[in-house]
Every structure is written in structure tokens, then in C-alpha cells.
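Notes for the structure review
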Amino acid sequence: ISSALTRLLNNQAEYLELLREFAKNSVQRLNALEHDFALSDKTIFELELISMKLALADIGATGLGRLAKDLIQALHEQMHDHVSEKLPEFLRKTRVLCNSIAIAVVNH
């Protein structure tokens, strides 16, 4: 998170707005990811996953960004079992992050 603040030149108000937008939009993105994966729509799933990875990078959530990158790589290598195994972890952790951000931003 400190790297994201540094990128925003320590502008906390702008960073808080970025967090608000992330929390608000991520619920829909995560639901879309889950839906697209269930439908086996790999192209749309990959695009949603890339979008999510970029949003995570914007807020400085590097650990989840690496997990998203790992999922994208597994898609390219057609390691569908790996994606099936790791996707629930990614969704759960990202939802926890979204909920935590929502609570923190409301209280700030």
C-alpha cells in the first residue's frame, strides 16, 4: 500500500478515492470472474482477471496481484486444474480485502 501512496505523491485523499472505487467496482468484477469461469468462457475470464490484476496493482495489493498473475499464466499454459484450485483462494482473499477497505474508508 505504501508503494501506491508514493505513486500518488502521498496524496491521501486521492488514494482514499482510489480505494473507494476499487471496493465498489471489485464486487462486480469478482462476481463476473466467478460467472465467466463457471461458463468456461476463458477469453472473457482472462480479460476480467487482467483487469482485476491491474486494479490490485493500482492500490498496491501486490500479493493478490501476484496470485492473479499466477492464474493468468496458468490459463496460458492450459493448467485448468491449477486455476480451479487457486481461483477460490483468489476470490476469497480479494473479497476480504474489499470488505476491509469498505470498512476502513467509511470510518475515515
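Here, the structure is the one placed above.
Presented here is an overview of the structure given in this document. The structure displayed is predicted, hence computed values, not measured ones. (Residues numbered from 1 in each chain as written. Predicted model: local features only at pLDDT ≥ 70, side-chain atom pairs only at ≥ 80, totals over all residues. Heavy atoms only, no water.)

This part is about the overall build of the protein chain. On a plain count of helices and strands, the protein chain comes out with five helices and zero strands. Of the regular secondary structure in the protein chain, the N- to C-terminal order runs α-α-α-α-α. For the protein chain, the proportion of its 108 residues judged to be buried stands at 34%. Only carbon and sulfur atoms are counted for the fraction: they give 56% of the accessible area of the protein chain, which is about 6,500 Å². (Helix = DSSP H or I, 4+ residues; strand = E, 2+ residues; numbered from the N terminus. Buried < 20%, exposed > 50% of the residue type's maximum accessible area, 1.4 Å probe, protein only. Areas by Shrake-Rupley, 256 points an atom, 1.4 Å probe, with all protein chains shown as cover.)

Going through the model one piece at a time under the given rule, you end up with one aromatic pair. On the numbers, 5.1 Å between centres and 50 degrees between planes, the contact of Phe37 with Phe45 is tilted. (Phe/Tyr/Trp six-rings, centres within 6.5 Å; stacked < 30°, edge-to-face > 60°.)

This part is about the pattern of salt bridges. This structure, assessed with the given rule, holds five salt bridges. One network of salt bridges, in which partners are shared, links Lys86, Glu89 and Lys93. (Salt bridge = Lys/Arg side-chain N within 4 Å of Asp/Glu carboxyl O.)

Backbone geometry places Ser40, a non-glycine residue, at a positive phi of 60 degrees. For Ser40, the position within the fold is in the loop between α2 (12-38) and α3 (42-59). Here Gln78, not a glycine, exhibits a phi torsion of approximately 55 degrees, which is positive. Along the chain, the position of Gln78 falls in the loop between α4 (62-76) and α5 (80-106). For Gln78, a relative accessible area of 61% corresponds to the exposed category.

Interpretation in functional terms is not warranted from these geometric data alone.
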